[in-house]
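Chain and residue survey
Chain by chain, the residues:
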Amino acid sequence: MSAKRLLFVFSNSPFGNALGAEGLDAVLAASVFDQDVTLIFQLDGIYQLMKDGDTADIGIKDHRKGFKALEMYGVDTILVDAMDMEARGITESQLAIPAQPVDRTKITETIHQADAIFTF
Amino acid sequence: MIYSIVVYGAPHSSQAPYSAYQFIQAALSRGHSIYRIFFYHDGATNGSSLVVSPQDDDLLPKAWHELKQQHEIDFVVCIGAGIKRGVINEQEAARYERTQHSLNDRFELSGLGQLVDASLKSDRVITFGAR
Amino acid sequence: MTTLHIFNQGTLQSALLQRCIETMSHKDALIFIEDGVVWATDSPLTSQLLGKAPQNAGIYVLSEDLGARGLSELKAESVAVVDYNGFVELTEQSQNTLSWF
């Protein structure tokens, strides 16, 4: 069986709901199956990737560290919506991981090529 | 075709599990098979045997029960999402030193590998989302 | 059909629908379910955004959810009604599905 293309789309901010943390867990699970795993960060999902921040004062575990481990797990296709970054005043140097800024055409193309898509 | 269904919403809180159930019935009647229903996020609560539904609003627990009786479908509650929401089986109760357990017999508690496996073994994966 | 977009949020999530529509290609389809069915009504609040969907992209609404909310008579002409059977059929015809919520 050839590798399936699994796409994970992150659109939510961290901490307000559990989707970011649960999405990360799902990606980590997928990474051990030796499939073709791609992540897209768009809309408020961009905020999942902020380099700064400390959750000690809000009493919630900071799952975001886990995104830094993705490279180690062999997940290297991480796309961010370039226009969403710009709209939020965020530059690449403020991101915790080297994600690839892409335009909407690339995002549409990536969605079309996926075998299964998970939203978080 | 082979379908798997992902449910993010809790009964009585989100429409997601109700929609998932209706979709599954329609898919089965069109001759498809359902490989697995994966309950993630707040959807984990669907696997609790402690949910009490008012008499005139108990469609869903009954519906899952009948679906499981009539068809060979895996009902998997994500273990990570489940234990954080009080949906645990006897084994997890022992592990975490809890005196009670709550998982409905018809559901199993398992890891996210089951979600990935479902996507590899199904032609379609349909998510019924909730935040 | 390539991707079937499944949208279940109401007008509070207009930014999300806007993105969904911007992401769609003319080969995609969109189905409104649950609270998302309000987008399938003919109203000043909802019709503008829907008009931006790619030409030839199929726009559908789930009849059960529309009817439950008493909105069947308000349905916009440009949106096609399908029941759960039709919803499943759309997933058969598409290569994958993307849920927006």
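This report concerns the structure included in the present document. Note that the structure is predicted; figures quoted are calculated from it, not measured.

Calculation notes
- Residues numbered from 1 in each chain as written.
- Chains lettered and ligands numbered in written order.
- Predicted model: local features only at pLDDT ≥ 70, side-chain atom pairs only at ≥ 80, totals over all residues.
- Helix = DSSP H or I, 4+ residues; strand = E, 2+ residues; numbered from the N terminus.
- Contact = placed C-beta atoms within 7 Å.
- Buried ≥ 20, exposed ≤ 12 C-beta atoms within 10 Å, placed from the backbone.
- Nonpolar A, V, L, I, M, F, W, Y, C, P; charged D, E, K, R; others polar.
- Pairing = 2+ DSSP bridges.
- Axes fitted to C-alpha atoms, helices over the stretch in contact; angles between N-to-C directions.

**Side note on the environment of A:G66**
Residues and elements named next belong to chain A.
- As for its position among the elements, G66 is in helix α2 (residues 65-68).
- Placed 45 residues apart in sequence, G66 and A21 show a C-alpha to C-alpha distance of 8.7 Å.
- Not counting chain neighbours up to four residues away, the residues in contact with G66 comprise L24 and L28.

**Quick notes on unusual backbone geometry**
All names here are of chain C.
- One non-glycine residue, E34, adopts positive backbone phi at about 50 degrees.
- With respect to the helices and strands, E34 occurs in the loop between β2 (29-32) and α2 (44-50).
- The buried category is assigned to E34, around which 26 C-beta atoms lie within 10 Å.
- In this model, N56 sits at a positive phi of 75 degrees, which is unusual for a non-glycine residue.

**Describing the interface of chain B and chain C**
- Contact residues are listed per partner, giving 14 residues for chain B and 13 residues for chain C.
- In terms of residue class, the side of chain B that touches chain C is made up of six nonpolar, five polar and three charged.

**Re the interface of chain A and chain B**
- In this assembly, 14 residues from chain A lie in contact with 15 residues from chain B.
- Here the side of chain A that touches chain B gets six residues from one element, more than from any other, and that element is helix α1 (residues 19-31) of chain A.

**A look at the sheet that holds strand β3 (residues 77-81) of chain A**
All names here are of chain A.
- Across the sheet, which stays open at both edges, the five strands sit in the order β4-β3-β2-β1-β5 with parallel pairing between neighbours. The sheet is open, and its two borders are formed by β4 (100-102) and β5 (116-119), each paired with just one other strand. On average, adjacent strands in this sheet sit at an angle of 25 degrees to one another, irrespective of strand direction.
- Examined bridge by bridge, strand β2 (residues 36-41) and β3 share four bridges and lie parallel to one another. The partner of L39 across the bridge, within β3, is I78.

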